[in-house]
Number of protein chains: 8
Amino acid sequence: MSYTIYLSGEIHTDWRDQIINGINQFKLDVDVLSPVLNHQASDNIGQDILGEESQPFWKDHKAAKINALRTNSYLSRADIVVVRFGDQYKQWNAAFEAGIATGLGIPLIVMHAPELTHPLKEIDASALAVTETPSQVVEILKYICQ
Amino acid sequence: MSYTIYLSGEIHTDWRDQIINGINQFKLDVDVLSPVLNHQASDNIGQDILGEESQPFWKDHKAAKINALRTNSYLSRADIVVVRFGDQYKQWNAAFEAGIATGLGIPLIVMHAPELTHPLKEIDASALAVTETPSQVVEILKYICQ
Amino acid sequence: MSYTIYLSGEIHTDWRDQIINGINQFKLDVDVLSPVLNHQASDNIGQDILGEESQPFWKDHKAAKINALRTNSYLSRADIVVVRFGDQYKQWNAAFEAGIATGLGIPLIVMHAPELTHPLKEIDASALAVTETPSQVVEILKYICQ
Amino acid sequence: MSYTIYLSGEIHTDWRDQIINGINQFKLDVDVLSPVLNHQASDNIGQDILGEESQPFWKDHKAAKINALRTNSYLSRADIVVVRFGDQYKQWNAAFEAGIATGLGIPLIVMHAPELTHPLKEIDASALAVTETPSQVVEILKYICQ
Amino acid sequence: MSYTIYLSGEIHTDWRDQIINGINQFKLDVDVLSPVLNHQASDNIGQDILGEESQPFWKDHKAAKINALRTNSYLSRADIVVVRFGDQYKQWNAAFEAGIATGLGIPLIVMHAPELTHPLKEIDASALAVTETPSQVVEILKYICQ
Amino acid sequence: MSYTIYLSGEIHTDWRDQIINGINQFKLDVDVLSPVLNHQASDNIGQDILGEESQPFWKDHKAAKINALRTNSYLSRADIVVVRFGDQYKQWNAAFEAGIATGLGIPLIVMHAPELTHPLKEIDASALAVTETPSQVVEILKYICQ
Amino acid sequence: MSYTIYLSGEIHTDWRDQIINGINQFKLDVDVLSPVLNHQASDNIGQDILGEESQPFWKDHKAAKINALRTNSYLSRADIVVVRFGDQYKQWNAAFEAGIATGLGIPLIVMHAPELTHPLKEIDASALAVTETPSQVVEILKYICQ
Amino acid sequence: MSYTIYLSGEIHTDWRDQIINGINQFKLDVDVLSPVLNHQASDNIGQDILGEESQPFWKDHKAAKINALRTNSYLSRADIVVVRFGDQYKQWNAAFEAGIATGLGIPLIVMHAPELTHPLKEIDASALAVTETPSQVVEILKYICQ
């Protein structure tokens, strides 16, 4: 029986493509959902559709809410949320989405380098798997799809 | 009618005390919950009670889970979760707790300096108030308690 | 066993006081919750606490969210929501709160003049009682509290 | 992945058609649900099927409940509820449905002219987007469907 | 968009067939679920599969539970539960299933002769339509399916 | 730790008093809730408060809804619902309340004479105890309160 | 209408195959879900994908969590959970999954030899059918699928 | 703020008393709930109150259900469920209650000897703490109550 997974977090490397390639390679019955990955479009979408704002706060506010229409909907339909933390930026949104998934009772797979273990300990502790690479996520999907 | 609030996030300044002092000063009918604020005790509690671990990952794991016994319980009892982001550390746990509250449908008040607006836009967008100071939180509590 | 009721809607007549007086007169075991009833304070609270806004939309936005901290919390704790529609203003917020109560599964008592029956038919149809006067609400409370 | 949207509110202009045309034009994977849009049929359906009533209240009551069989079911299946407020009539049912969606945790997109900002501030404040035109709604759908 | 309806209650007349015929005649997009309608099979199924019981209570008990595997599952998947009360037998199970639907938040259509209004007033009061004939149910389905 | 029980069903014998006496005699920590037990008041309450109706259906309708304000609220607060079926009347409301409790996940204790086993088999099958006398209910309460 | 069943518990006999064969033989509209049935793969999957552990506790821990990604997801999608207890091993996981299903409100069919009645009485008491053989489960499915 | 804990599982040693003594010694704000601990009373309660059964299955059945009136109610009110596995008996009920708590989203603390790690790995993996002694449970409570 198929799984729907939502790939949350870091958007500057090709980890999502690696997971999707693995899913295709092994013909796994897994649907993949993601946020909008175009950073600039995502930042400007509020102004682009709903009009200019003089305050950066409200520009961000309108953009974040339009993105939430997609991400909250996709998150809530996922059987598993995979969250990746990279080595750049504050990435509070990744942690926030991990929290939403937890609050909704949706299981997490976390992916990050071992150096990030200490600041991520609460998120790791609530996850069902803590991985370091996309291929580990693919292995897990392969195992649970057999 | 009373409110229960949970004060999440940054533990290195006295913002919680300022809020509690304001609540006391104005005799507001507000119960305040917090995580354990002793950083070192919180980091070591897994080993201290359940035994040594040779791997830092598992040391952190056991500590994070014992802390979750308190924080998840307190979070889920709160009428309002106040989350403060400071200017140090990664603070992924603060964002994670904001997400859990959101997943559980508990409203947020966020507190942070304006410089952090952009990386916190998703959390701000899901909050019912974005503040900068403890006294603003106290003012809000005073208003909703009248 | 006691009831908690939330009195939603019109704020320009003394209908809430009449209900509260009735509850006191008959010594009914009923706790009464209300939104903030000071119209001007309620409209300005966003700016007053969180700072000026140049756009009326954002001024209203911040005020409405702070008020939601109180109203959503009180609504969700109520055993019964009483909503009164008057003969002035658009009163969309009254209908909105009636909808929130319905979405949460909390029963409604509606109060309005017979002239408003047609535009309120959907709200009346989801209510457990449609009244015209505060004393009818008090009679209902007296009956269910016996 | 597809979205299901429910188009609530004003039934006297062609805003629903404009949204549906945009969805078709851009081949968006969006299912559209609506209440029954024939005003007269909707008003009379209670009597037409279940028999005459001598009191207008009960005529309205039976009609509103039959309509609720459709609208409550459709509302609860929607990923997003779009609510439009026009410049005529009391439109309490639009606000009521916005509230039901909010109580059920379904996100809102609101559409109305800027003149209505103040009386709609509570509904706007709980929405993820406040629009003025059907084409803005289409743009949002296009963005979240990419 | 399609509806799933569950036809609960009286099993000695052909009211279900009449509704199904109407659905077919008007090509309505409605899926129909029912309990097992063979009275004798339904009464004996516990013993037939799980073995003889010397006590009628336990014979009934085992049968009722096997039937609950079907009815509870079907009830909980329905968008609308239609419950018919006839003029024979105690029919407590019909009222029980109406209650389960109500407890689960699934709307009811009730069908019964006018003579039964008084003893059914609580069930009628929680229904969205009170009908007397299968053709009225078909008319309602036709209306909400348009 | 205390229990709250709701005593549903038959109102023409003193079974509720017998249970309450037993609770008092053994000083059990049990709160007892009941519907309004005055049959005539309960039948007429709609008209008495909200005005005359020419149709018996609407007279019953308004009364049943006011009673539901009490019964639904009390039912939903109960830890255990005790439902008694007597030997008179149709008692569909008792079965309906047993169903609501079941839909809400609240456990049932049923009380009835052995002659009623067959028509009550579905309700008995979903109960945690099937009793014949008030003293058996008291014995159960004594046991679970120890 | 189809059912989805999850077959939990004992993995050392061919009871799942017997049920699947029966479903195929009678062409029942039943989807069957199971945990991973390869005992060794299931025990080692944590280390195999996520790396060696020096402590057996953590080896088991990582494996159990990866298996939970599958089993919790499948359990929560099931209309009925069938749990079989064999005559070997402690089988606490079977009882644990029966409990999860119960906590989620999913009905149980239990299968075990009569010798195990006493230690399984609590699980049996919460089940809708207690069987001894796979063919009894098939008979039940055949009955509820008719 | 206080915690309510439910102490599930093994009833043949004094582990509950040790935890209660620790709570009293450190004056912790913790309410303790337990099943009925008298093994013989618990086994016979069905027959003792509701009458003799000729079949051991039904004797056990009636007893298990009366016990469930207490245990399910207490379980669902707990903030934390502590489950202890001893070295005797099958203890499926302990694992079943751990599962119910998990299905309800209530966090677990597990207690058992290290020898039981492998068969308890799924339960341990879903727990927030795995302990070996009552004093470790007391230490955890002391830490989260500070």
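In this text, all values refer to a predicted model and were calculated from it rather than measured experimentally. (Residues numbered from 1 in each chain as written. Chains lettered and ligands numbered in written order. Predicted model: local features only at pLDDT ≥ 70, side-chain atom pairs only at ≥ 80, totals over all residues. Heavy atoms only, no water.)

Draft legend 1. Region of the structure containing the overall build of chain A. Along its length, chain A carries six helices and five strands. Taken from the N to the C terminus, the helices and strands of chain A come in the order β-α-β-α-α-β-α-β-α-β-α. A compact globule built from 146 residues would reach a C-alpha radius of gyration of about 15 Å, and chain A, at 16 Å, matches this within 12%. By its C-alpha atoms, chain A is 50 × 35 × 30 Å across when sized along the principal axes. Counting across all 146 residues of chain A, residues that qualify as buried make up 61%. Just so you have it, chain A exposes about 5500 Å², and 47% of that area is on carbon and sulfur atoms. Placing the 11 positive and 18 negative side-chain charges of chain A at their respective mean positions leaves the two points 3 Å apart. (Helix = DSSP H or I, 4+ residues; strand = E, 2+ residues; numbered from the N terminus. Rg over C-alpha atoms; globule rule 2.2 N^0.38 Å. Buried < 20%, exposed > 50% of the residue type's maximum accessible area, 1.4 Å probe, protein only. Areas by Shrake-Rupley, 256 points an atom, 1.4 Å probe, with all protein chains shown as cover. Lys, Arg positive; Asp, Glu negative; His and termini not counted. Charge placed at Lys NZ, Arg CZ, Asp CG, Glu CD.)

Draft legend 2. Local environment of the relation of the copies chain H and chain B. You can overlay chain H on chain B at an RMSD of 0.0 Å; the transform is a turn of 90° with a shift of 0.0 Å along its axis. As the rotation angle and translation indicate, the two copies are arranged about a four-fold axis. When C-alpha positions in chain H are compared against the rotation axis, the closest is assigned to Arg77(H), at 9.0 Å. (Least-squares fit on C-alpha atoms with pLDDT ≥ 70 in both.)

Draft legend 3. Molecular detail of the interface of chain C and chain D. Contacts between the two partners involve 32 residues from chain C and, on the opposite side, 32 residues from chain D. Counting the contacts that link chain C with chain D gives two salt bridges. Lys121(D) serves as the salt-bridge partner of Asp43(C), at 3.6 Å between the closest nitrogen and oxygen. Between chain C and chain D we count eight residue pairs in polar contact (both at pLDDT 80 or more) in total. Those elements giving two or more residues to the side of chain C that touches chain D turn out to be helix 3 (56–77), helix 4 (92–104) and helix 5 (121–125) of chain C. (Contact = heavy atoms within 4.5 Å. Salt bridge = Lys/Arg side-chain N within 4 Å of Asp/Glu carboxyl O. Polar contact = N/O pair within 3.5 Å; in protein donor to acceptor, adjacent residues only side chain to side chain.)

Draft legend 4. Seen up close, the relation of the copies chain C and chain D. Between the two copies, chain C and chain D, the superposition gives an RMSD of 0.0 Å; the rotation angle is 180° and the shift along the axis is 0.0 Å. What we have between these two chains is a two-fold relation. A share of 100% of the interface residues of chain C reappears at the interface of chain D, consistent with the copies meeting face to face through the same patch.

Draft legend 5. Quick look at the sheet that holds strand 2 (residues 30–33) of chain D. Residue and element names in this part refer to chain D. With parallel pairing, the five strands of this open sheet are ordered in space as 2-1-3-4-5. Here the strands that pair on one side only, and so sit at the sheet edges, are strand 2 and strand 5 (129–131). Adjacent strand axes in the sheet meet at a mean angle of 20°, parallel and antiparallel pairs treated alike. (Pairing = 2+ DSSP bridges. Axes fitted to C-alpha atoms, helices over the stretch in contact; angles between N-to-C directions.)

Draft legend 6. Structural view of the interface of chain H and chain B. Facing 20 residues of chain H, the contacting portion of chain B comprises 18 residues. Taken over both partners, the interface formed by chain H and chain B buries close to 1600 Å², and the fraction arising from carbon and sulfur atoms is 64%. Counting the surface chain H buries against chain B, the share from its top three residues, Met1(H), Leu128(H) and Tyr143(H), is 46%. Our enumeration of links across chain H and chain B arrives at seven residue pairs in polar contact (both at pLDDT 80 or more). Those elements giving two or more residues to the side of chain H that touches chain B turn out to be strand 5 (129–131) and helix 6 (134–145) of chain H. (Buried area = accessible area lost by both parts, 1.4 Å probe.)

Draft legend 7. The arrangement of the sheet that holds strand 4 (residues 108–111) of chain A in detail. All names here are of chain A. If you trace the five strands from one edge of the open sheet to the other, you get 2-1-3-4-5, paired in parallel fashion. Because the sheet does not close on itself, it has two edges, and the strands there are strand 2 (30–33) and strand 5 (129–131). For this sheet, the mean inter-axis angle between neighbouring strands, taken without regard to orientation, is 20°. Where strand 1 (residues 3–9) lies against strand 2, four bridges are found, and the strand directions are parallel. Each residue of the ladder has a partner; that of Ile 5, found in strand 2, is Val 32. Against the sheet, helix 1 (residues 15–25) makes contact with strand 1, strand 2, strand 3 (80–84) and strand 4, and its axis sits at roughly 165° relative to strand 1, the strand it touches most.

Draft legend 8. The arrangement of the packing of aromatic side chains in detail. In total, this model carries 28 aromatic pairs over all chains according to the counting rule given. When the ring of Tyr3(C) is compared with that of Tyr74(F), the centres are 5.6 Å apart and the planes differ by 15°; the resulting orientation is stacked. You can see Tyr3(C) sitting in strand 1 (residues 3–9) and its partner Tyr74(F) sitting in helix 3 (residues 56–77), one on each of two chains. Tyr74(F) matches Tyr3(C) in its accessibility class, with the two residues each being buried. Relative to Trp92(H), the ring of Phe85(G) lies with its centre 5.0 Å away and its plane at 50°, an arrangement referred to as tilted. Of this pair, Phe85(G) sits in the loop between strand 3 (80–84) and helix 4 (92–104) while Trp92(H) is found in helix 4 (residues 92–104), placing the two residues in two different chains. Grouping residues by exposure puts Phe85(G) and Trp92(H) together as buried. Here the basic side chain of Arg77(A) rests over the ring of Tyr3(D), its NZ or CZ set 5.2 Å away from the ring centre. (Phe/Tyr/Trp six-rings, centres within 6.5 Å; stacked < 30°, edge-to-face > 60°. Lys NZ or Arg CZ within 6 Å of the ring centre and 35° of its normal.)

Draft legend 9. Geometry of helix 2 (residues 39–50) of chain H. The complete set of buried residues in helix 2 of chain H reads Ser42(H), Asp43(H), Asn44(H), Ile45(H), Gly46(H), Gln47(H), Ile49(H) and Leu50(H). Buried-residue contacts for helix 2 of chain H involve strand 5 (129–131) and helix 6 (134–145) of chain F, helix 5 (121–125) of chain G together with helix 3 (56–77) of chain H. You can read the cap of helix 2 of chain H off the contacts: a side-chain oxygen lies 3.2 Å from the backbone nitrogen of Gln40(H), and it is on Asn38(H). Just beyond helix 2 of chain H, the residue with positive phi is Gly51(H), at close to 105°.

Draft legend 10. Representation of the pattern of salt bridges within the structure. This model, assessed by the stated rule, comprises 48 salt bridges over all chains. For Glu10(B), the salt bridge identified is with Arg84(B), shortest N-O distance 2.6 Å. Residue Glu10(B) is located in the loop between strand 1 (3–9) and helix 1 (15–25), and its partner Arg84(B) is located in strand 3 (residues 80–84); the two are separated by 74 residues in the primary sequence. Glu10(B) sits in the buried class, given a relative accessible area of 9%. Here the salt bridges do not stand alone but share partners, grouping Asp43(A), Lys121(B) and Glu122(B) into one network.

Draft legend 11. Up close: the environment of Ser2(C). Inspection of the secondary structure assignment puts Ser2(C) in the segment before strand 1. A sequence separation of 142 residues divides Ser2(C) from Ile144(C), and the C-alpha atoms of the two residues are 9.9 Å apart. Ser2(C) has contacts with Asp29(C), Asp79(C) and Arg77(F), leaving out every residue within four places of it along the chain.

Draft legend 12. Spatial organisation of the environment of Phe26(G). All names here are of chain G. Note that Phe 26 resides in the loop between helix 1 (15–25) and strand 2 (30–33). Taking relative accessible area as the criterion, Phe 26 reaches 32% and is therefore assigned partly exposed. The spatial distance from the C-alpha of Phe 26 to the C-alpha of Glu 52 is 46 Å, given a sequence separation of 26 residues. With near-sequence residues (within four places) excluded, Phe 26 lies in contact with Val 138 and Lys 142.

Draft legend 13. Up close: unusual backbone geometry. Residues and elements named next belong to chain C. The phi angle at Lys 27 is positive, at roughly 50°, despite the residue not being glycine. Secondary-structure assignment places Lys 27 in the loop between helix 1 (15–25) and strand 2 (30–33). When its relative accessible area of 75% is taken as the criterion, Lys 27 is described as exposed.

Draft legend 14. The arrangement of the side chain of Thr131(E) in detail. Counting through the fold element by element, Thr131(E) comes out in strand 5 (residues 129–131). Relative accessible area serves as the criterion here: at 0%, Thr131(E) is assigned to the buried category.

Draft legend 15. Structural context of the packing of helix 6 (residues 134–145) of chain C against helix 2 (residues 39–50) of chain F. Interaxial distance between helix 6 of chain C and helix 2 of chain F falls to 10 Å at its minimum, and their mutual angle equals 165°. In terms of their interaxial angle, helix 6 of chain C and helix 2 of chain F are classed as roughly antiparallel. Judged by the twist between their axes, the crossing of helix 6 of chain C over helix 2 of chain F is right-handed. Of the residues in helix 2 of chain F, those touching helix 6 of chain C at Gln136(C), Glu139(C), Ile140(C) and Tyr143(C) are Ala41(F), Ser42(F), Ile45(F), Ile49(F) and Leu50(F). Residue classes in the contact of helix 6 of chain C with helix 2 of chain F are distributed as six nonpolar, two polar and one charged. (Parallel < 35°, antiparallel > 145°, perpendicular 65-115°, else oblique. Left-handed = near helix turned anticlockwise from the far one by under 90°. Nonpolar A, V, L, I, M, F, W, Y, C, P; charged D, E, K, R; others polar.)

Draft legend 16. Up close: the confidence of the model for chain A. When pLDDT is averaged along chain A, the result is 97, and 100% of the positions lie at 70 or above. Per the prediction output, this complex has pTM 0.98; the corresponding ipTM is 0.97. (pLDDT = per-residue confidence, 0-100.)

Draft legend 17. Molecular detail of the pairing of strand 4 (residues 108–111) of chain G. Residue and element names in this part refer to chain G. Side chains Leu 108 and Val 110 project from strand 4 onto one buried face, and the interleaved Ile 109 and Met 111 project onto a second face that is buried too. As judged from the four bridges shared by strand 3 and strand 4, these two strands associate in the parallel manner. The residue of strand 4 that forms the bridge with Val 82 is Ile 109. Once you follow strand 3 into helix 4 and on to strand 4, the crossover reads as right-handed. Bridging between strand 4 and strand 5 (residues 129–131) involves three bridges; their strand directions are parallel. (Right-handed = clockwise from strand over helix to strand, strands pointing away.)

Draft legend 18. Spatial organisation of the side chain of Lys65(C). For Lys65(C), the position within the fold is in helix 3. Asp124(B) provides the closest opposite charge to the buried, unpaired Lys65(C), separated from it by 9.7 Å. Apart from the residues lying within four places of it in its own chain, the contact partners of Lys65(C) are His61(A), Lys65(A), Ala125(B), Ala127(B), Leu128(B) and Ala125(D).

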